[in-house]
Amino acid sequence: MATTELQKQEKQEIGLRTHLEDGMQKNATQFMAALGNDPSKVERWKTLLMMAVYRNPDLAECDPGSLVASTLEAAQFGLEFGPKQHSYLVPFKGKCTFLPSYRGLIHAAKRSGETKDIRAEAVYEKDAFEYELGLDKSLRHKPAIGDRGVLAAVYAVVKFADGTVDFEVMSKSQVDHIKGKSNSPKGPWTTDYDEMAKKTVIKRICKRLDMGDQVASIISYDNHYEEVAPAPQMRMPEAIEEAKA
């Protein structure tokens, strides 16, 4: 790469970092409120955002305001993107959208205090898998050793604080029906199909069993993303000022 091209790239990276830092500073009050008024947590989220943009060139092409807005939404829900993988930053038509992961839904469900344990598993065609509904529900899953074949189903199991257990099973065709509603064909449904399938069945059992207001809010937000064209969920201060001018 020529020296002039390297200089141009470095200038663009510096410019983007400056925009992101300015955006977070202008929304410092909201970030502090979302993160328990802890400045160290705000710095951590700023670092998470910079790392995400550095690792994903498509995010670097997104509108900086939508990157900051999505980061704030993730912080308000308490679902970190990055190493914890509680959420993703997803680029879509030049904008960034915050998207909860199945790990994030599990984290939120446990945090609600209404569940002792909740998990999702994928079932492949060579696994031994059977379940029964009715008065005495039961589920048995023994994964195959080695090549397990293609995905056949997913299920979620929840254990409540009182010791009771429940589960939800979805076939691949049911999952694909949900996938068909997505407005982001190049998003996680393409890169992380199995994880999105797990999230789909986690969402279904969380919604059916009513696991708290915050979990319901996360599911509502996620459904909006899946079924409606994504857009930034907040306007940056400079945009507001321009509109008033």
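Preceding block: the structure.
Residues numbered from 1 in each chain as written. Predicted model: local features only at pLDDT ≥ 70, side-chain atom pairs only at ≥ 80, totals over all residues. Heavy atoms only, no water.

1. What to know about the pairing of strand β4 (residues 128-132)
Short version of the rule: Pairing between strands requires that DSSP locate at least two bridges from one strand to the other. Helix and strand definitions here come from DSSP, where helices need a minimum of 4 consecutive H or I residues and strands a minimum of 2 consecutive E residues; each element is numbered from the N-terminal end.
By the bridge criterion, 5 bridges tie β4 to strand β5 (residues 138-142) in an arrangement that is antiparallel. In the sheet register, Phe129 faces β5, and the bridge partner there is His141. Between β4 and β5, which pair antiparallel and follow one another directly, the connecting turn spans 5 residues, one of which, Gly134, has a positive phi of 110°.

2. A short note on unusual backbone geometry
Rules: Burial classification: accessible surface area is computed with a 1.4 Å probe over protein chains only, and a residue below 20% of its type maximum counts as buried, one above 50% as exposed, and the rest as partly exposed.
Although it is not a glycine, Asn37 adopts a positive phi angle of roughly 55°. Among the structural elements, Asn37 can be located in the loop between α2 (28-34) and α3 (39-55). The phi dihedral of Gln85 falls on the positive side, at around 55°, and the residue is not glycine. Structurally, Gln85 can be placed in the loop between α5 (64-77) and β1 (87-92). Among the residues examined, Gln85 registers a relative accessible area of 34% and is labelled partly exposed.

3. Thoughts on the packing of helix α7 (residues 172-179) against helix α9 (residues 193-209)
The line we're drawing: Lines fitted to C-alpha atoms define the axes here, with helix axes fitted over just the stretch in contact, and angles between the N-to-C directions of these axes take values from 0 to 180 degrees. With respect to orientation, any angle under 35 degrees is reported as roughly parallel, any angle over 145 as roughly antiparallel, any angle of 65 to 115 as roughly perpendicular, and every other angle as oblique. Note on contacts: a residue pair is in contact if any heavy atoms of the two residues lie within 4.5 Å.
Orientation of α7 relative to α9, taken along the N-to-C sense of each, is 95°, at an axis distance of 10 Å. Taken together, the axes of α7 and α9 lie roughly perpendicular to each other. Together, Lys172, Gln174, Val175, Asp176, Ile178 and Lys179 of α7 and Tyr193, Ala197, Thr200 and Arg204 of α9 make up the contact between the two elements.

4. Focus on the nonpolar core
To keep things clear, this is the line we draw: As used here, the term nonpolar core means buried Ala, Val, Leu, Ile, Met, Phe, Trp, Tyr and Cys residues forming a set that is joined through side-chain atoms within 4.5 Å.
Core analysis: the biggest nonpolar cluster contains 58 residues, and Leu67 and Ile118 have the highest contact counts within it. If we skip the residues at most four places from it in the chain, Ile118 touches Ile106, Ala109, Lys110, Val157, Val158, Ile202, Ile205, Cys206 and Met211. Val123, Ala153, Val157 and Val169 belong to the second-largest nonpolar core, a separate cluster that totals 6 residues.

5. Remarks on the packing of aromatic side chains
Where we set the bar: Stacked, tilted and edge-to-face are the three classes applied to pairs of Phe, Tyr and Trp rings, where Trp contributes its six-membered ring and a pair requires centres within 6.5 Å; stacked means planes under 30 degrees apart, edge-to-face means over 60, and tilted covers the rest. Lysine and arginine charges are scored as sitting over a ring when NZ or CZ, respectively, is within 6 Å of the ring centre and within 35 degrees of the ring normal.
On inspection of all chains with the given rule, the structure shows 7 aromatic pairs. Relative to Phe81, the ring of Trp45 lies with its centre 5.6 Å away and its plane at 90°, an arrangement referred to as edge-to-face. Here Trp45 is found in helix α3, whereas its partner Phe81 is found in the loop between α5 and β1, with 36 residues between them in sequence. For the residue pair Trp45 and Phe81, the accessibility class agrees, reading buried in each case. In textbook terms, an aromatic cluster arises when at least three aromatic residues are bridged by ring pairs, as seen for Phe129, Tyr131, Tyr155 and Phe167. Looking at Lys137, its charged tip hangs above the ring of Phe167, at a distance of 4.7 Å from the centre.

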